[in-house]
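Chain and residue survey
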Amino acid sequence: MIYPNRHENHILESASERYVKYHLPKEWTFTKPSADYGVDLLCEVVIENEIRGYEFGIQLKAKRTDKNRDSTVIKGLKRSTINLWMNSIKPIMIIVFIEDEEKAYWSWINESSFDLTKDNEEFQLKISKGNTINSTSSIIIGNYIKDYNLRLLKLKNLPNVKEDYGWQLYLERKYDEALPYLKKTSPTLDVLNAIAICYFKSFQYQKALIWVNEAIEIDKNDIVVLSNKASILIELGSNTKNENLIREGINIIEAIIENGEITNNTYFNYGNALMALGFYEEAKEVFKVVLSEDINKEEAWKNLGMVNHMLGLYEEEIECYDKSLIINPFLIEALSSKAITLFLVYKDYFRALDIFMKVVEIDDTKRYKFEYPYIDFYISECHYRIGNIDKAIHWNAIGLKNNPSDDFFLTQKQKLLDNFDPSPPSV
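So, a few notes on the structure that sits alongside this text.

1. Looking at the environment of Met-93
Its place among the elements puts Met-93 in strand 5 (residues 92-98). The buried category is assigned to Met-93, whose relative accessible area is 0%. The spacing of Met-93 and Leu-60 is 33 residues in sequence and 8.6 Å in space, taken between C-alpha atoms. The contact partners of Met-93, leaving out residues within four places of it in the chain, are Phe-56, Gly-57, Ile-58, Gln-59, Trp-106, Ser-107, Trp-108 and Ile-141.

2. Thoughts on the packing of aromatic side chains
All chains considered together, the criterion is met by 22 aromatic pairs. Seen in terms of ring centroids, Phe-114 and Phe-123 are 6.3 Å apart; in terms of plane orientation they differ by 70°. Their pairing is edge-to-face. Each member of the pair, Phe-114 as well as Phe-123, is classed as buried. An aromatic cluster of three or more residues is present, and its members are Phe-343, Tyr-349, Phe-356, Tyr-374, Phe-377, Tyr-378, Phe-408 and Phe-409. In this structure, Lys-297 is placed above the aromatic ring of Phe-268, and the distance from its NZ or CZ to the ring centre is 4.8 Å. Taking the ring centre of Trp-301 as reference, the NZ or CZ of Lys-323 above it sits at 5.4 Å.

3. Examining helix 5 (residues 175-183)
Of the residues making up helix 5, those classed as buried are Tyr-175, Ala-178, Leu-179 and Leu-182. All buried residues of helix 5 project into a common sector of 120° when viewed along the axis, lining one side. Those residues of helix 5 that are buried lie in contact with helix 4 (165-171) and helix 6 (189-201).

4. Structural notes on the pattern of salt bridges
If you walk through the whole model with that rule in mind, you get 14 salt bridges. A salt bridge links Glu-99 to Arg-64, with the nearest nitrogen and oxygen atoms 2.1 Å apart. Taken together, the residues Glu-99 in the loop between strand 5 and strand 6 (103-108) and Arg-64 in the loop between strand 3 (50-63) and strand 4 (71-78) connect sequence positions 35 residues apart. For Glu-99, a relative accessible area of 28% puts it in the partly exposed group. A salt bridge links Glu-316 to Lys-284; its shortest N-O distance comes to 3.4 Å. Within this pair, whereas Glu-316 is found in helix 13 (residues 314-327), its partner Lys-284 is found in helix 11 (residues 280-293), the two being separated by 32 residues in sequence.

5. What to know about unusual backbone geometry
We note that Phe-203 has phi near 65°; this positive angle belongs to a residue other than glycine. Tracing the sequence through the fold places Phe-203 in the loop between helix 6 and helix 7 (205-218). Residue classification places Phe-203 among the partly exposed residues on the basis of a relative accessible area of 33%. With phi around 55°, Lys-347 is a residue other than glycine that occupies positive phi space. Note on placement: Lys-347 falls in the loop between helix 14 (332-344) and helix 15 (349-362).

6. Here we look at the sheet that holds strand 3
Strand order in the open sheet made by the five strands is 1-2-3-5-6, with mixed pairing throughout. The open sheet is flanked by strand 1 (29-31) and strand 6, the only strands paired with a single partner. Neighbour-to-neighbour, the strand axes of the sheet open up by a mean angle of 30°, direction not taken into account.

7. What about the nonpolar core?
Counting residues in each nonpolar core, the largest one holds 70 residues, and the members touching the most others are Leu-77, Trp-85, Ile-94, Phe-114, Tyr-170 and Leu-182. Ranked by the residues each element gives to this core, the list is headed by helix 6, at 10 residues. Not counting residues within four places of it along the chain, the set of residues in contact with Trp-85 comprises Gly-38, Val-39, Gln-59, Leu-77, Ile-92, Ile-94, Ile-109 and Phe-114.

Parameters at a glance
Residues numbered from 1 in each chain as written. Predicted model: local features only at pLDDT ≥ 70, side-chain atom pairs only at ≥ 80, totals over all residues. Heavy atoms only, no water. Helix = DSSP H or I, 4+ residues; strand = E, 2+ residues; numbered from the N terminus. Buried < 20%, exposed > 50% of the residue type's maximum accessible area, 1.4 Å probe, protein only. Contact = heavy atoms within 4.5 Å. Phe/Tyr/Trp six-rings, centres within 6.5 Å; stacked < 30°, edge-to-face > 60°. Lys NZ or Arg CZ within 6 Å of the ring centre and 35° of its normal. Arc of directions from axis to C-beta. Salt bridge = Lys/Arg side-chain N within 4 Å of Asp/Glu carboxyl O. Pairing = 2+ DSSP bridges. Axes fitted to C-alpha atoms, helices over the stretch in contact; angles between N-to-C directions. Core = buried A, V, L, I, M, F, W, Y, C linked by side-chain atoms within 4.5 Å.

What follows is the structure, encoded as structure tokens:
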């Protein structure tokens, strides 16, 4: 008689799951996602017998044995799975069960877990064997999850977040959809701050400033709100060419730094402000520090590239854009900046045109029309430089439709018309 065999990997996976459930607190709950896309278990942490919606994801790994005394290495972690973990609102933990040791070891996935600027499809992760799953570590894990949720935009005054649709949309980063719901809720500091962030993420900086000021009226010393106001002021000042607003944002950040309460995101905005004011060497050093804390911060690589451009370091500039685009191939700002440098500095009109066209193709919301209107100008200019006058005129017309009085587009139009020959070629 022949019967099905159970694969050794399945046996190990089951053993790892049993071990984890047995050694973490019995009051914590575990559920399996309907589909396994990089998370094997969802664990809900129970605090003082209260279910507060404090969850984290667990990816289980298992080995028969491991010869290393101090750490264990997990190989073959796919970039796509890592991207999922890094983009998750919930914290993600990897747990490795080693059968012959009868122990499991854990590590949180965070910004420093992987160097995603490397053009690899698979990565590895080293996990210290000092992080053993046991009663002591469960206290550490529980406190981390509790603090994480309290830090998550300071939602400690919102006990029913799970039942509030506006907050659910907000935590899912659906800012435009969350706005109308948040505006209907009681105007607490957290709500006002969240509304400001929704406007900020939608590039409506003036409205964001109004709402963050409302939040500050409630608590003038709240570091999170002050940091958000600094970010808004810097972006608004940069977009309107108002140095006073940028300097006001810098003053807030420097006060936060002085109090020793700086975060990496706030320091990143400090670099943005220095860059906007033309302090490129200083901004470069700030972005380097930011990247030393979070090597996968795509916006920091992009801005470091822009600073290198202003310093005339074009090879370093392109390298920074490429690192940013390895992390996020759809970052419009990095694509646009790289294409402009290829056009202006390297005179590589074909490559520049390919990248500009990629921006147009991937930008479903047509944000570039508002944020980067000169992409149409550069597309037209690329076609002109490679001899496609008809296409150059076409893209100039698209740009003029949205910017009818812009001198760059008007001058370009006249140049194109002067070089246009509508007659058919001679036989």
